[in-house]
Amino acid sequence: MSVPINLVVLGPPGAGKGTQAVELAQQRRIPKISTGDILREAVQSGSELGQRAKATMDAGRLVDDELMIAIVRERVSRPDAAGGFVLDGFPRTVSQATALDEIMSGQGALLVVDIAVPDDALVARLARRRVCGQCGDTTAVEADAETPRCARCGGELVLRSDDTESVVRQRLRVYHEATKPLVDYYSSRATFRSIDGDRSPEAVRQALNEAVDEVLGMLHAGAGAGADR
Ligand code: AMP
């Protein structure tokens, strides 16, 4: 039987987790589960969840653990995630990580890849990040570009409401306080890898795929102490 790819992509805001998660999920034919996307869709639809989350997101803070854990517990239990998934944006706190271990117990190993990028590179990247208002694709614009359009569908590119400079700085503070400790939480596991994300998206994609294949190879061989988590 093949080993499910239960992959967590860790990394600071702007590390490229979303872009890499989409591609890897498509390639490996497993769903990408992005908690940020789930929340943004809820905000757009005006649902109760969206109304609860909007102010927190716009302030660059984290939505409460209990709510996020409930969302992910439900999502990973759907049939399309039985053969694995790519989680982008979850877990973001140690409580979320311990809950994920509990959710996944007996469901196969969790693979964790951290995309590491220094802060100054992130601030510059997020200033250039735009999202297509039509198809939702994320892209980087040049500083001097006038009214840029989406290369995929021609839609208007907009700044995400939490990508303004002050909110970006707040999100980075939250990342260092709440989410970076997850690298310590996972780093002793045989299924953890850290890759250098301060490179082109293509180079990061290759490193991510290599890391995943290496861990899968190890799991297939049944090697690695602690690889059953
Ligand atoms: P992202 O698209 O992953 O950068 O997420 C955008 C925003 O959604 C974050 O700044 C948080 O306000 C919220 N969010 C997304 N995922 C989580 C999570 N796992 N825990 C708490 N808040 C989250």
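For the structure itself, look to the data block above.
Residues numbered from 1 in each chain as written. Predicted model: local features only at pLDDT ≥ 70, side-chain atom pairs only at ≥ 80, totals over all residues. Heavy atoms only, no water.

Asker: Please explain the pairing of strand E4 (residues 110-116) as it appears in this structure.
Answerer: Consecutive side chains along a regular strand alternate between the two faces of the sheet. Counted residue by residue, E4 has 6 buried out of 7 residues, so it is predominantly covered. Relative to E4, strand E1 (residues 5-10) runs parallel, the two being bridged by 5 bridges. When the sheet's bridge partners are listed, Val8 is paired in E4 with Val112. Pairing analysis gives 5 bridges linking E4 to strand E8 (residues 192-196), with the strands arranged parallel. Bridging across to E8, Val112 finds its partner in Phe192. (Buried < 20%, exposed > 50% of the residue type's maximum accessible area, 1.4 Å probe, protein only. Helix = DSSP H or I, 4+ residues; strand = E, 2+ residues; numbered from the N terminus. Pairing = 2+ DSSP bridges.)

Asker: Whenever I open this one, the nonpolar core confuses me. Can you help?
Answerer: Soluble globular proteins tend to bury their nonpolar side chains together. Ranked by size, the top nonpolar core spans 30 residues in total, and within it Leu7, Val86, Leu111, Ile195 and Val212 carry the most contacts. Where this core is concerned, the elements lending two or more residues are E1, helix H1 (17-28), E4, helix H6 (119-128), helix H7 (165-179) and helix H9 (201-220). The leading source of residues in this core is H9, at 9 residues. Every residue in contact with Leu111, bar those within four places of it in the chain, is listed here: Ile5, Asn6, Leu7, Val8, Thr191, Val212, Val215, Leu216 and Leu219. If you look at the next biggest cluster of nonpolar residues, it comprises 28 residues, including Leu10, Ile71, Phe85 and Val112. (Core = buried A, V, L, I, M, F, W, Y, C linked by side-chain atoms within 4.5 Å. Contact = heavy atoms within 4.5 Å.)

Asker: I tried to follow the packing of helix H4 (residues 65-76) against helix H5 (residues 94-104) on my own but got confused; where do I start?
Answerer: When two helices pack together, their arrangement is given by the angle between the helix axes and the distance between those axes. Packing of H4 against H5 brings their axes to within 10 Å, and their N-to-C directions diverge by 25 degrees. The angle between the axes of H4 and H5 places the two elements in the roughly parallel class. Considering the relative orientation of H4 and H5, their crossing is right-handed. Note on element contacts: H5 touches H4 through Ser95, Gln96, Ala99, Leu100, Glu102 and Ile103, opposite Asp65, Met68, Ile69, Val72, Arg73 and Val76. Of the residues contributing to the contact of H4 with H5, the split by class is 7 nonpolar, 2 polar and 3 charged. (Axes fitted to C-alpha atoms, helices over the stretch in contact; angles between N-to-C directions. Parallel < 35°, antiparallel > 145°, perpendicular 65-115°, else oblique. Left-handed = near helix turned anticlockwise from the far one by under 90°. Nonpolar A, V, L, I, M, F, W, Y, C, P; charged D, E, K, R; others polar.)

Asker: How should the pattern of salt bridges be read in this particular structure?
Answerer: Pairing between side chains of opposite charge can happen when the charged atoms of each approach one another. On inspection of all chains with the given rule, the structure shows 19 salt bridges. Note that Asp37 and Arg40 form a salt bridge whose closest N and O atoms lie 2.9 Å from each other. Of this pair, Asp37 and Arg40 both sit in helix H2 (residues 35-45), 3 residues apart, which is roughly one turn of the helix. With a closest N to O distance of 3.1 Å, Glu102 and Arg73 form a salt bridge. Placement of Glu102 in helix H5 and of Arg73 in helix H4 is noted, with a sequence separation of 29 residues between them. One salt-bridge network, in which partners are shared between bridges, spans Arg129, Arg160, Asp162, Asp163 and Arg171. (Salt bridge = Lys/Arg side-chain N within 4 Å of Asp/Glu carboxyl O.)

Asker: Can you walk me through H9 in this structure?
Answerer: Side chains that are three or four residues apart share a direction in an α-helix, a result of its 3.6 residues per turn. When the terminal C-alpha atoms of H9 are compared, their 28 Å separation across 20 residues agrees well with the 28 Å that a helix rising 1.5 Å per residue should span. Listing the buried residues of H9 in full gives Val204, Ala207, Leu208, Asn209, Ala211, Val212, Val215, Leu216, Met218 and Leu219. The secondary structure elements touched by the buried residues of H9 are E1, H1, E4 and E8. Of the residues trailing H9, Gly222 is marked for its positive phi of about 70 degrees. (Expected span 1.5 Å × (residues − 1).)

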